[in-house]
Amino acid sequence: MSDLQPSRRALLGGMAALGVAAAAAAQKASAGPTAIHYSGPSLPLWPGAIPGARRALPQRRIEQRSQSADFDDRWLYGVAAPTLEVRRPAFQDGSAVILVPGGGYGFLSIDNEGEEQARWLTQRGVTCFILYYRLPGEGWANRGLVPLQDMQRAVRLVRHRAGEFGVDPARLAVLGFSAGGHLAGSAITRFAEKTYAPVDAADTQSARPDLAGLIYPVITLSEAFVHAGSRDNLLGEGASAAATQAASVERLVSDGTPPTFLTAASDDGLVPIQNSLAMYQALLAKARPCEFHGFDQGGHGFGARLPQTVPAHAWPDLFHAFGVRHGVFKG
């Protein structure tokens, strides 16, 4: 089961609703940032042995990065047993999204690019599954395939258990951020690749998502505008040109790549916007349905936190509208 618990944010909101504003203010002033929040079912990806597992498994660790009592910003390390953390809406529209946090393949940003994304999506009726995927540099064999193994398994598992969660298996999107955008991009371009031996009936399902959102994504691992940290964490330092090219998403777009939404900011100083442009051009070259929004402000890692004065704050509404037009979400 997940160790996630309701946050003090939610508690304070409930107290305020009861008119206990003074108590809420006192509690907020006296305590530091919360460590964990939200709860829901936690689905193990693998029913038995995990591909590439060695005798010594990584130890789970959560680092709280937020200095504010108003929100969490946790980084997760040590994913020994990958899971899907389920967040269900009060009223379902029948669609599902697998959320893929970023972190340069060195950690997972589970609030900014997980929980906070699930909040606005569930408000729109979307059932969310936050993917806690394994980090390739934490001692797994065949490190370059480890995240994609988890990604493919996640898509198949959600489809296999769609009836249990009240979702349509043909209306499944992936939404990835930064290095999680690279992983989501790999899901929509490498879905036919056999990355692990089937383990149960879930693996008879297709690993191809029906829609993708790639938000300030890492795309290339071979061009000059590569995010070197993501490349090295995924493939190891000194990876060959053949290996980096084989994992560069823009090189792998095919006639089967599903509708894809891209957004990034021109002032992104970490993952250059050229990554998104390269993917957009590759999608256009294959005549795949796609949409790209390049904003002049937003930086990197903006998630859903930007104020309305910053142009990139509009991307969630644009992504949802894209999904409505392509039949995954309902308006």
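So, the nonpolar core
The tendency in soluble globular proteins is for nonpolar side chains to be buried as a group.
Working step 1: If you look at the biggest cluster of nonpolar residues, it comprises 85 residues, and the most contacted ones within it are L84, I98, M151 and L175.
Working step 2: Here this core gets seven residues from one element, more than from any other, and that element is helix α4 (residues 146-160).
Working step 3: Each residue touching L175, except ones within four places of it in the same chain, is listed here: V97, I98, L99, V100, W120, L121, G213, I215, W315 and F319.

Focus on the pattern of salt bridges
Working step 1: Within this structure, the stated rule accounts for 17 salt bridges.
Working step 2: The salt bridge partner of D111 is R74, with a shortest N-O separation of 2.7 Å. With a gap of 37 residues between them, D111 in helix α3 (residues 111-123) and R74 in strand β3 (residues 74-77) connect regions that are remote in the sequence.
Working step 3: Since its relative accessible area comes to 0%, R74 is described here as buried.
Working step 4: Across the pair R305 and E116 runs a salt bridge, and its minimum N-O distance is 2.9 Å. Of the two residues, R305 sits in the loop between β11 (290-295) and α10 (315-325) while E116 sits in helix α3, which places them 189 residues apart along the sequence.
Working step 5: By relative accessible area, E116 is classed as buried at 7%.
Working step 6: Overlapping salt bridges bring together R61, E63 and R65 as one network.

A closer look at the sheet that holds strand β2 (residues 61-64)
Working step 1: Ordered by their spatial adjacency, three strands build an open sheet running β2-β3-β6, and the pairing between neighbours is antiparallel. Lying at the two open borders of the sheet, with one neighbouring strand each, are β2 and β6 (108-109).
Working step 2: Judged from the two bridges that link them, β3 and β6 form a sheet pairing that is antiparallel. Residue pairing in the sheet places L76 in a bridge with L108 of β6.

Notes on empty space enclosed by the protein
Working step 1: Under the definition given, this model contains one cavity of 30 Å³ or more.
Working step 2: The space that makes up the largest cavity amounts to roughly 50 Å³.
Working step 3: Forming the boundary of the largest cavity are Y105, G144, P147, L148, H182, L183, S186, R190 and L234.
Working step 4: Contributions of two or more residues to the lining of the largest cavity are made by α4 and α6 (179-189).
Working step 5: In terms of residues, the lining of the largest cavity owes the most to one element, α6, which gives three residues.
Working step 6: Looking at the lining of the largest cavity, its residues break down into five nonpolar, three polar and one charged.

Overview of the confidence of the model for the protein chain
Working step 1: For the protein chain, per-residue confidence averages 90 on the pLDDT scale, and residues scoring 70 or more make up 88% of the total.
Working step 2: Note that residues 1-37 has pLDDT below 50 and, in this model, 68 contacts with residues that lie over four places away or in other chains.

A short note on the packing of α4 against α6
Working step 1: Two elements in contact, α4 and α6, have axes separated by 10 Å at closest approach and are oriented at 60 degrees. Note on packing geometry: the crossing formed by α4 with α6 is right-handed. For the pair α4 and α6, contact is made by P147, L148 and M151 and by L183, S186 and A187, respectively.

Focus: α10
Working step 1: Within the span of α10, buried status applies to W315, P316, F319, H320, F322 and G323. Down the axis, α10 shows its buried residues gathered within 155 degrees of arc, on one side only.

Considerations on the pairing of strand β5 (residues 96-100)
Working step 1: Most of β5 sits out of view: five of its five residues are buried.
Working step 2: Because side chains alternate across β5, one face comprises the buried residues A96, I98 and V100, and the other comprises V97 and L99, equally buried.
Working step 3: Judged from the four bridges that link them, β5 and strand β7 (residues 127-132) form a sheet pairing that is parallel. Across the sheet, residue V97 finds its bridge partner in β7, namely C128.
Working step 4: Alignment of β5 against strand β8 (residues 172-177), held across five bridges, turns out to be parallel. The partner of L99 across the bridge, within β8, is L175.

Here we look at the pairing of strand β4 (residues 83-87)
Working step 1: Of all five residues that make up β4, five are buried, and the element is covered over most of its length.
Working step 2: Where burial is concerned, the two faces of β4 agree: the one with T83, E85 and R87 and the one with L84 and V86 are both buried.
Working step 3: Summarising the sheet, strand β1 (residues 42-44) and β4 pair through three bridges and their orientation is antiparallel. Among the inter-strand pairings, S42 is bridged to a residue of β4, identified as E85.

Calculation notes
Residues numbered from 1 in each chain as written. Predicted model: local features only at pLDDT ≥ 70, side-chain atom pairs only at ≥ 80, totals over all residues. Heavy atoms only, no water. Core = buried A, V, L, I, M, F, W, Y, C linked by side-chain atoms within 4.5 Å. Buried < 20%, exposed > 50% of the residue type's maximum accessible area, 1.4 Å probe, protein only. Helix = DSSP H or I, 4+ residues; strand = E, 2+ residues; numbered from the N terminus. Contact = heavy atoms within 4.5 Å. Salt bridge = Lys/Arg side-chain N within 4 Å of Asp/Glu carboxyl O. Pairing = 2+ DSSP bridges. 1 Å grid on protein atoms, 1.4 Å probe; cavity = no way out; pocket = protein on both sides within 12 Å on 5 of 7 lines; lining within 4 Å. Points joined across faces, edges and corners; volume = space filled by probe spheres on them. Nonpolar A, V, L, I, M, F, W, Y, C, P; charged D, E, K, R; others polar. pLDDT = per-residue confidence, 0-100. Axes fitted to C-alpha atoms, helices over the stretch in contact; angles between N-to-C directions. Left-handed = near helix turned anticlockwise from the far one by under 90°. Arc of directions from axis to C-beta.

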